[in-house]
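Topology and contacts: notes
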Amino acid sequence: MANLKEIRNRITSVSSTMQITSAMKMVSAAKLKKAQDAITAMRPYAEKLTELLQNLSATLEGEVGGDFTKQREINKVLVVAITSNRGLCGAFNSNVIKEVKNRSDFYAGKQVDVFAIGKKGNDVLSKTFSVVNNESSVFDALTFENVSKIAQTLTDKFVAGDYDKIEVVYNQFKNAATQIVQTEQFLPLAPIKSDKPVQTGDYLFEPSKEEIVLTLIPKSLKTQLYKGIRDSFASEHGARMTAMHKATDNATELRNQLKLTYNKARQAAITNEILEIVGGAEALKG
């Protein structure tokens with residue numbers, strides 16, 4: 001059994017760790033509320049924009065998406081991996097990294113490059129993949145304008161023919177304890193699928209419907225990427241809050257076990273001292 005000093009040092013160390021994990025849990029909980037409100041407020045707008053684009057596209061004939069809908073033979077694929085800049089958030093980053101590797105296996109024999117958004121993903125994926133960009137700084141100022149620049153970069157790469165397909169892998173926020181890894185096709189635009197019937201309506205268009213669709217498509221792409229990054233940002237704080245909560249519980253349990261071990265060791269030491277005193281007293285009597 002370890003001596004009392006070693007056990008006391010371990011109790012102190014575990015208690016310090018518990019204070020840190022508890023503080024990180026509270027910080028993540030505060031940030032989660034703000035991030036959750038942001039993604040919750042944005043989703044109706046993104047869904048309405050998609051619905052509007054769907055309604056307009058349904059009334060048009062032929063290919064009206066221009067370069068955005070151009071289907072090419074898939075030889076070069078770009079996977080956008082959205083992770084975080086910091087760790088201590090459970091399997092949040094590793095799940096995205098694993099899915100990126102799954103996509104690479106799916107496109108076996110093709111050129112698969114990675115566009116990293118988040119430092120953790122870049123650090124790991126750069127060891128096995130060709131990372132063409134690393135946009136980790138976007139989380140320092142997560143605004144639609146900054147994300148729009150990234151979306152424009154991705155669009156330019158596709159239009160220029162650098163890549164035949166672009167996919168986005170990220171964690172979708174469901175609740176604080178649940179994040180769902182999603183893989184969405186960014187470009188070329190896939191046909192919009194919906195269970196709801198298309199409401200074409202009787203509208204007057206100014207300018208033409210074709211021009212409106214071509215204007216909405218870039219806006220929709222920027223909104224799609226922004227929603228994905230916002231989802232990932234909220235998921236990160238939810239995952240970190242959950243991970244730190246479990247870490248705090250584990251540290252509390254370990255500290256209690258160490259205290260019990262310490263008390264048992266201390267009691268055994270006191271008992272031994274008493275036995276030695278009694279034995280010495282009996283020896284003096286004899």
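This write-up is about the structure you can find in this document. Treat the numbers as computed from the prediction; the structure is a model and nothing was measured.

Quick look at the overall build of the protein chain now. The number of helices and strands found in the protein chain is five helices and five strands. Ordered by position from the N terminus, the helices and strands of the protein chain form the series α-β-α-β-α-β-α-β-β-α. Rg of the C-alpha trace for the protein chain: 29 Å, well past the compact-globule value of 19 Å for 286 residues, more than 25% over. Seen through its principal axes, the protein chain has C-alpha atoms that stretch 115 × 40 × 30 Å. Counting across all 286 residues of the protein chain, residues that qualify as buried make up 37%.

What follows is about the pairing of strand 3 (residues 130-134). Bridge analysis of strand 2 (residues 111-117) against strand 3 gives four bridges, and the strand direction is parallel. Bridging across to strand 3, Phe 115 finds its partner in Asn 133. This β-α-β element, strand 2 to helix 3 (residues 119-125) to strand 3, shows right-handed connectivity.

The subject of this paragraph is the environment of Phe 144. Tracing the backbone shows Phe 144 in helix 4 (residues 144-159). Taking the C-alpha atoms as reference points, Phe 144 and Asn 250, 106 residues apart in sequence, are found 39 Å from one another. When sequence neighbours within four positions are dropped, the list of residues in contact with Phe 144 reads Lys 219, Lys 222, Thr 223 and Tyr 226.

Now for the packing of aromatic side chains. Summed over the entire model, instances satisfying the criterion amount to three aromatic pairs. Here the aromatic rings of Phe 139 and Phe 233 are separated by 6.1 Å at their centres, their planes lie at 20 degrees, and the arrangement is stacked. In this pair, Phe 139 sits in the loop between strand 3 and helix 4 while Phe 233 sits in helix 5 (residues 209-285), placing the two residues 94 residues apart along the sequence. Exposure remark for Phe 139: the relative accessible area of 13% places this residue in the buried category. Ring centres 5.5 Å apart and planes at 90 degrees place the aromatic pair Phe 144 and Tyr 226 in the edge-to-face group. On the criterion of sequence distance, the pair formed by Phe 144 in helix 4 and Tyr 226 in helix 5 is long-range, its members being 82 residues apart. Directly above the ring of Phe 158 sits Arg 72, whose terminal nitrogen or CZ lies 4.4 Å from the centroid. For Arg 103, the ring lying beneath its charged end belongs to Phe 106, and the centroid distance is 4.7 Å.

Attention now goes to the environment of Ala 283. Turning to its location among the elements, Ala 283 is positioned in helix 5. Distance from Ala 283 to Glu 210, taken between C-alpha atoms, is 108 Å for residues 73 residues apart in sequence.

Criteria and thresholds
- Going along each chain's sequence as written, the residues are numbered from 1 onward.
- Totals for whole chains, interfaces and linings use every residue, but because this is a predicted model, local features are given only for residues with pLDDT of at least 70 and side-chain atom pairs only at 80 or more, for both listing and counting.
- Each side-chain value is worked out from all heavy atoms of the structure, with water and hydrogens disregarded.
- The secondary structure listing takes helices from DSSP runs of H or I that are at least 4 residues long and strands from runs of E that are at least 2 residues long, numbered from the N terminus.
- Put simply, the radius of gyration uses C-alpha atoms, and a globule should come to 2.2 Å times the residue count raised to 0.38.
- Whether a residue is buried, partly exposed or exposed follows from its accessible area with a 1.4 Å probe, protein chains only, as a fraction of its type maximum: under 20%, in between, or over 50%, in that order.
- In this scheme, strands are said to pair when DSSP sees at least two bridges between them.
- With its strands directed away from the observer, a crossover is right-handed exactly when the path from the first strand over the helix to the second travels clockwise.
- Two residues qualify as a contact provided that any one of their heavy atoms is within 4.5 Å of a heavy atom in the partner residue.
- Pairing of aromatic side chains requires ring centres within 6.5 Å, counting the rings of Phe and Tyr and the six-membered ring of Trp. Pairs whose planes differ by under 30 degrees are stacked, by over 60 edge-to-face, and all others tilted.
- Throughout this description, the term charge over a ring refers to an Arg CZ or Lys NZ atom that lies within 6 Å of the ring centre and within 35 degrees of the ring normal.

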